[in-house]
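Next come the chains, spelled out residue by residue.
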Amino acid sequence: MVPALLVIMDPIAQIKIHKDSTFAMLLEAQARGWTLHYAEQRNLSQRNGRTLVQSRPLRVKDDATGWFELETTEGGPVDRFHVVLMRKDPPFDLDYITTTWLLDQPAANGTLIVNHPQALRNHNEKLAATRFPQLCPPVLVASDMAALERFVDEQGDVILKPLDGMGGTSIFRVHPDDPNHRVILETLTHYGRRQIMAQRFIPEIRDGDKRILVIDGEAVPWGLARIPTKGGIRGNLAAGGRGVGVALNDRDREIVATIAPFLCEAGILFAGLDVIGDYLTEINITSPTCIRELEAIYPLNIAGTLMDRIEQTIAA
């Protein structure tokens, strides 16, 4: 059996292949002889209860001057594919939720969706970490500005961030005596109408926001510490952070072991944990990144390990 793979992603013409994890997955799948098809969210539909897709056969090559070729569009049911890589980046908006609803049908009919659409719907990446309070720093999720101000006063040094952001967008560090903290709260909460996350500042961010990749409950043995620019608080590579490879330590492995049963039970085959110092801060499941960066530093084939697990799952 030659596996047939459908990838749902952002426009492939706009990706940066040197750091795109989806591209790494596609290169590996193609190297194994899999057939690849490409689609975006807008190409999905449903008729008479069956989810359909207008997709295009895809070939990829690791060449920054021309990294993909698309053939003529083909229409058909999504469940004709053995596996779907759901790799659309946030924002996690109504279009994204609708896509997960549409993917429920092929998932129920035997197509492996990575990650499972119900898991994508049910587990906000920032809130998912709070399922494990023993692993997290003190945290408050609220829209009430008085409650948030009290939290800032109690903790003294706090990170504020929206629940639906990515890449380090709209993250603020505030202190009780910060003259701007009230306007920051007003802006992030839309004047008390939207919940945000307040999290005690972790000074170890100076050593990096460590991304740990987890495949079917098992961690890649090295992580990528994303170190902020001088004087900054955001380690995200998209926000100017610098990636440095690091071996996982005992605390990292303890965090992974604690979370692994939850990931496996929820159908989260591929996850990216964010760890600062001794604390878990996020569980990324929509489109975790850093495959290419880690493979450039260490003798790893992370995409290969993921495809091994996918092959084993669809064979079973």
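Refer to the structure above for everything that follows.
Since we're looking at a predicted model, the values are computed, not measured.

Engineer: Would you mind showing me how to read the packing of helix α1 (residues 21-31) against helix α9 (residues 302-315) here?
Structural biologist: Relative placement of two packed helices is described by the angle separating their axes and the distance separating the axes. One way to put it is that α1 packs onto α9 with a least axis distance of 9 Å and a crossing angle of 65°. Where α1 crosses over α9, the handedness of that crossing is right-handed. Here Ala 24, Met 25, Glu 28 and Ala 29 of α1 lie close against α9, whose contacting residues are Ala 303, Gly 304, Leu 306 and Met 307. Residue composition of the contact of α1 with α9, by class: 6 nonpolar, 1 polar and 1 charged.

Engineer: In this structure, what is going on with the pattern of salt bridges? I would like to understand it.
Structural biologist: Close approach of charged atoms lets side chains of opposite charge pair. This model, assessed by the stated rule, comprises 21 salt bridges. Taking the shortest distance from any N to any O, the salt bridge between Asp 308 and Arg 32 comes out at 2.8 Å. With Asp 308 in helix α9 and Arg 32 in the loop between α1 and β2 (35-39), this residue pair connects regions lying 276 residues apart in the sequence. Take Asp 308: its relative accessible area is 32%, and that puts it in the partly exposed class. The class for Arg 32 is partly exposed, based on a relative accessible area of 27%. Each of Glu 28, Arg 32, Asp 308 and Glu 311 takes part in one network of salt bridges that share partners.

Engineer: Where do I start with unusual backbone geometry in this structure?
Structural biologist: Note on backbone geometry: most residues besides glycine have negative phi, and most peptide bonds are trans. Between Pro 90 and Pro 91 the backbone carries a cis peptide bond, its omega angle lying at 25°. Within the fold, Pro 91 resides in the loop between β7 (83-86) and α2 (94-108). Of note, the bond from Val 114 into Asn 115 is cis; its omega dihedral lies within 30 degrees of zero at 0°.

Engineer: Mind showing me how you'd approach the environment of Leu 273 here?
Structural biologist: Looking at the element boundaries, Leu 273 is found in strand β17 (residues 270-276). With a relative accessible area of 0%, Leu 273 lands in the buried category. Taking the C-alpha atoms as reference points, Leu 273 and Arg 193, 80 residues apart in sequence, are found 29 Å from one another. Not counting the four nearest positions on each side in its chain, Leu 273 is found in contact with Lys 210, Arg 211, Ile 212, Val 214, Ile 255, Val 256, Ile 259, Leu 280, Glu 282 and Ile 283.

Thresholds applied
- Residues numbered from 1 in each chain as written.
- Predicted model: local features only at pLDDT ≥ 70, side-chain atom pairs only at ≥ 80, totals over all residues.
- Heavy atoms only, no water.
- Axes fitted to C-alpha atoms, helices over the stretch in contact; angles between N-to-C directions.
- Helix = DSSP H or I, 4+ residues; strand = E, 2+ residues; numbered from the N terminus.
- Left-handed = near helix turned anticlockwise from the far one by under 90°.
- Contact = heavy atoms within 4.5 Å.
- Nonpolar A, V, L, I, M, F, W, Y, C, P; charged D, E, K, R; others polar.
- Salt bridge = Lys/Arg side-chain N within 4 Å of Asp/Glu carboxyl O.
- Buried < 20%, exposed > 50% of the residue type's maximum accessible area, 1.4 Å probe, protein only.

Structural measurements only, silent on function.
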